[in-house]
Amino acid sequence: MENLGVGLIGTGYMGKCHALAWNAVKPVFNDGPRPRLIHLGEVSAALAAERAAAFGFERSSGDWRAVVADPDVDVVSITTPNQFHAEMAIAALEAGKHVWCEKPMAPTFADAEKMRAAAQQAGKIAALGYNYIQNPAIRHIAKLLGEKAIGAISHVRLEMDEDFMADPDAPFSWKSEASSGHGALDDFGVHPLSLVTTLFGAVERVMTHQAKPYADRPLQGGGRRAVETYDIATTLFELQSGVPGVIALNRSAWGRKGRLTLQIYGSRGSIVFDQERMNELQLYTIDGRATEQGFRTVLTAPHHPPYDRFIPAPGHGLGFNDLKVIECRQLMNLIAGKPAIAITFEEGIEIERCVHAMALSHKEGRWATVRSLA
Ligand SMILES: NC(=O)c1ccc[n+]([C@@H]2O[C@H](COP(=O)([O-])OP(=O)(O)OC[C@H]3O[C@@H](n4cnc5c(N)ncnc54)[C@H](O)[C@@H]3O)[C@@H](O)[C@H]2O)c1
């Protein structure tokens, strides 16, 4: 693989995370050339220059179009708010670049479809920021399910809760604007859906209820603005395999910091995972004597790949940013034509289809069939 030239648009929470990943992927995996950090774009030239110096990019610009047009850039990381993803990703693909775009694809299904079509047309790699599927613990859960360690799956439950919007006086941000999407569904819902589709396959139908805990939020310049998105969403779903499930989401759940839980119940046991304790999983099987049965904690270790690429010592633990390094490596594998664990625009559109079916279900107060969304 040639030394990839990297462009980065946006340098907030996720922008820094992508920059760390591009910087770390060579020392961690050491099986390809070091990516070259070429061009960083932000909303102003001054901010872009400051971040480029901190993140190690050669040049910077206050106009994202300069990043996309740069002939030395081969792949563009897009880490801007949701409403910019479609325009930026399509422009990058049309300029012949590979794309690594943060989730969700776009606030509307029509725009997500345009992104998928642009990737297909360009024949370039376009992957989405679904970091949680990269956790060695989640990969091991996939292996356990493949080995039928807990028998036939009968019920799946997922929850994603954080408290960054729990304070009624937290300032109004782009996350409360309708232009960013539905709210918790796009912001959070896509993550549990990435686990569902990776571990269990496609969703057949959904029944969703959304709620706004607070009607308005304070504006920075004074006054308050009506909240346009839903911070809470609860969904019943049914997989195409017939297995039933539940997804509960809350961006206003005091005390929850990075909770993304997965409970899987089967005919011979159960598996439980929580992202707040991302270096372990709980396994219950009915093997052995009933008198000693109980959930056991399995700590991730070098025998849970690719944990070994980070640390030789078992149970010492990876962190959130490490998942992005693994995701970055998977993107580079895709670009090199190698097998990879990743969610491309082609697969990501199915997650978008679920999210928009959930919103439709809430709006119309009925079950919505995911495939009915064209
Ligand atoms: N994968 C994950 O776990 C995860 C976690 C958080 C956020 N996200 C996603 O990442 C994206 C960004 O979220 P965030 O929390 O990093 O937001 P953020 O507000 O922290 O950062 C966004 C950045 O984009 C910049 N920006 C905005 N408009 C721009 C433009 N026109 N040109 C160039 N730069 C521009 C802003 O100045 C800011 O630095 C969202 O789509 C969000 O859903 C993903």
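Because the structure is a prediction, the values reported are computed rather than measured. (Residues numbered from 1 in each chain as written. Predicted model: local features only at pLDDT ≥ 70, side-chain atom pairs only at ≥ 80, totals over all residues. Heavy atoms only, no water.)

S.K.: Explain the pattern of salt bridges residue by residue, including any values.
M.R.: Enumeration according to the criterion identifies 32 salt bridges in this entry. For the salt bridge of aspartate 31 with arginine 329, the shortest nitrogen-to-oxygen distance reads 3.0 Å. Taken as a pair, aspartate 31 in the loop between helix H1 (13-29) and strand S2 (36-41) and arginine 329 in helix H8 (residues 320-335) lie far apart in primary sequence, 298 residues in all. Close ionic contact of aspartate 169 with arginine 224 constitutes a salt bridge, the shortest N to O distance being 3.0 Å. In this pair, aspartate 169 sits in the loop between strand S7 (153-161) and helix H7 (184-200) while arginine 224 sits in strand S10 (residues 224-226), placing the two residues 55 residues apart along the sequence. On the accessibility criterion, aspartate 169 (48% relative accessible area) is partly exposed. (Salt bridge = Lys/Arg side-chain N within 4 Å of Asp/Glu carboxyl O. Helix = DSSP H or I, 4+ residues; strand = E, 2+ residues; numbered from the N terminus. Buried < 20%, exposed > 50% of the residue type's maximum accessible area, 1.4 Å probe, protein only.)

S.K.: Tell me about the packing of aromatic side chains, residues and numbers included.
M.R.: The geometry of an aromatic ring pair is captured by two quantities: the separation of the ring centres and the angle between the planes. If you walk through the whole model with that rule in mind, you get six aromatic pairs. Seen in terms of ring centroids, tyrosine 284 and phenylalanine 295 are 5.4 Å apart; in terms of plane orientation they differ by 55 degrees. Their pairing is tilted. Of the two residues, tyrosine 284 is situated in strand S15 (residues 280-285) and phenylalanine 295 in the loop between S15 and strand S16 (296-299); the sequence distance between them amounts to eleven residues. Given a relative accessible area of 44%, phenylalanine 295 falls into the partly exposed group. Through pairs of rings, three or more aromatic residues link up here, namely Tyr13, Tyr132 and Phe320. (Phe/Tyr/Trp six-rings, centres within 6.5 Å; stacked < 30°, edge-to-face > 60°.)

S.K.: Go over the nonpolar core with me, naming the residues and quoting the values.
M.R.: One finds Trp22, Ile141, Leu262 and Phe345 to be the most contacted residues of the largest nonpolar core, which totals 103 residues. Looking at this core, the element that brings in the most residues is H7, giving nine residues. Beyond its immediate sequence surroundings of up to four residues, phenylalanine 345 is in contact with Ala89, Leu93, Val99, Cys101, Met105, Met115, Arg116, Ala119, Ala126, Ala127 and Leu128. (Core = buried A, V, L, I, M, F, W, Y, C linked by side-chain atoms within 4.5 Å. Contact = heavy atoms within 4.5 Å.)

S.K.: Please provide a residue-by-residue account of the sheet that holds S2, values included.
M.R.: The parallel open sheet is built from six strands, whose spatial order is S3-S2-S1-S4-S5-S6. Strands at the two margins of the open sheet, each flanked by one partner only, are strand S3 (59-61) and strand S6 (126-128). If you compare each strand with its neighbour and ignore which way they point, the axes differ by 20 degrees on average. Examined bridge by bridge, S2 and S3 share three bridges and lie parallel to one another. Residue pairing in the sheet places leucine 40 in a bridge with serine 60 of S3. (Pairing = 2+ DSSP bridges. Axes fitted to C-alpha atoms, helices over the stretch in contact; angles between N-to-C directions.)

S.K.: Describe in detail the packing of H7 against helix H9 (residues 345-364), supporting the description with residues and values.
M.R.: The interhelical angle for the contact between H7 and H9, taken along N-to-C directions, is 125 degrees, at an axis separation of 9 Å. Classified by the angle between their axes, H7 and H9 sit oblique to one another. Relative to H9, the crossing made by H7 is right-handed. Contacts between H7 and H9 involve Leu185, Asp186, Val190, Leu193, Ser194 and Thr197 from the first element and Ile351, Cys354, Val355, Met358 and Ala359 from the second. Of the residues belonging to the contact of H7 with H9, the class tally is eight nonpolar, two polar and one charged. (Parallel < 35°, antiparallel > 145°, perpendicular 65-115°, else oblique. Left-handed = near helix turned anticlockwise from the far one by under 90°. Nonpolar A, V, L, I, M, F, W, Y, C, P; charged D, E, K, R; others polar.)

S.K.: How would you summarise the sheet that holds strand S14 (residues 269-274) if you had to cite specific residues and measurements?
M.R.: Strands sit in the order S16-S15-S14-S13-S7-S12-S11-S8-S17 across an open sheet of nine strands; the sheet is mixed. Of all the strands in the sheet, just S16 and strand S17 (368-369) have a single pairing partner and so form its edges. Taken together, the six bridges between S7 and strand S12 (residues 244-250) define a ladder with parallel strand orientation. What sits directly across from valine 156, in S12, is glycine 245. This element, H9, spans strand S8 (203-211), strand S11 (232-239), S12 and S17 of the sheet and lies at about 55 degrees to S8.

S.K.: Lay out the site of the ligand with the relevant residues and their values.
M.R.: With respect to spatial proximity, 25 residues lie near the ligand, and among them Met14, Glu42, Asn82, Glu102 and Asn131 are the closest. A distance of 3.3 Å separates an oxygen atom of the ligand from a polar atom in the backbone of glycine 12. Tyrosine 13 has a polar backbone atom sitting 3.1 Å from an oxygen atom of the ligand. For the ligand, whose unbound accessible area comes to 850 Å², protein coverage reaches 84%. Of all elements in the fold, only H1, helix H4 (85-94) and H8 reach the threshold of two or more residues within the shell around the ligand. Class assignment for the residues of the shell around the ligand results in eleven nonpolar, ten polar and four charged. (Near = heavy atom within 4 Å. Polar contact = N/O pair within 3.5 Å; in protein donor to acceptor, adjacent residues only side chain to side chain. Areas by Shrake-Rupley, 256 points an atom, 1.4 Å probe, with all protein chains shown as cover.)

S.K.: An account of empty space enclosed by the protein is requested, with residue identities and associated values reported.
M.R.: Under the criterion given, the structure shown has three cavities of 30 Å³ or more. Counted as a void, the largest cavity has a volume near 50 Å³. Contributions of two or more residues to the lining of the largest cavity are made by S6 and H8. When its residues are assigned to classes, the lining of the largest cavity shows nine nonpolar, one polar and one charged. In this structure, the second largest cavity occupies an estimated 40 Å³ of space. (1 Å grid on protein atoms, 1.4 Å probe; cavity = no way out; pocket = protein on both sides within 12 Å on 5 of 7 lines; lining within 4 Å. Points joined across faces, edges and corners; volume = space filled by probe spheres on them.)

S.K.: Could you give me a rundown of H1, with the residues and numbers involved?
M.R.: Here H1 contains 17 residues, and its C-alpha end-to-end distance of 24 Å stays within 8% of the 24 Å for a straight helix at 1.5 Å per residue. The sharpest bend along H1 reaches about 35 degrees and sits at asparagine 23, with the proline proline 27 one to four residues further on. Among all positions of H1, only Met14, Gly15, Cys17, His18, Ala19, Ala21, Trp22, Val25, Lys26, Val28 and Phe29 are buried. On the buried face of H1, the contacting elements are strand S1 (5-9), S2, helix H2 (45-55), strand S4 (75-78), strand S5 (98-101) and H8. (Expected span 1.5 Å × (residues − 1). Bend = angle between axes of the 7 residues up to and from the residue.)

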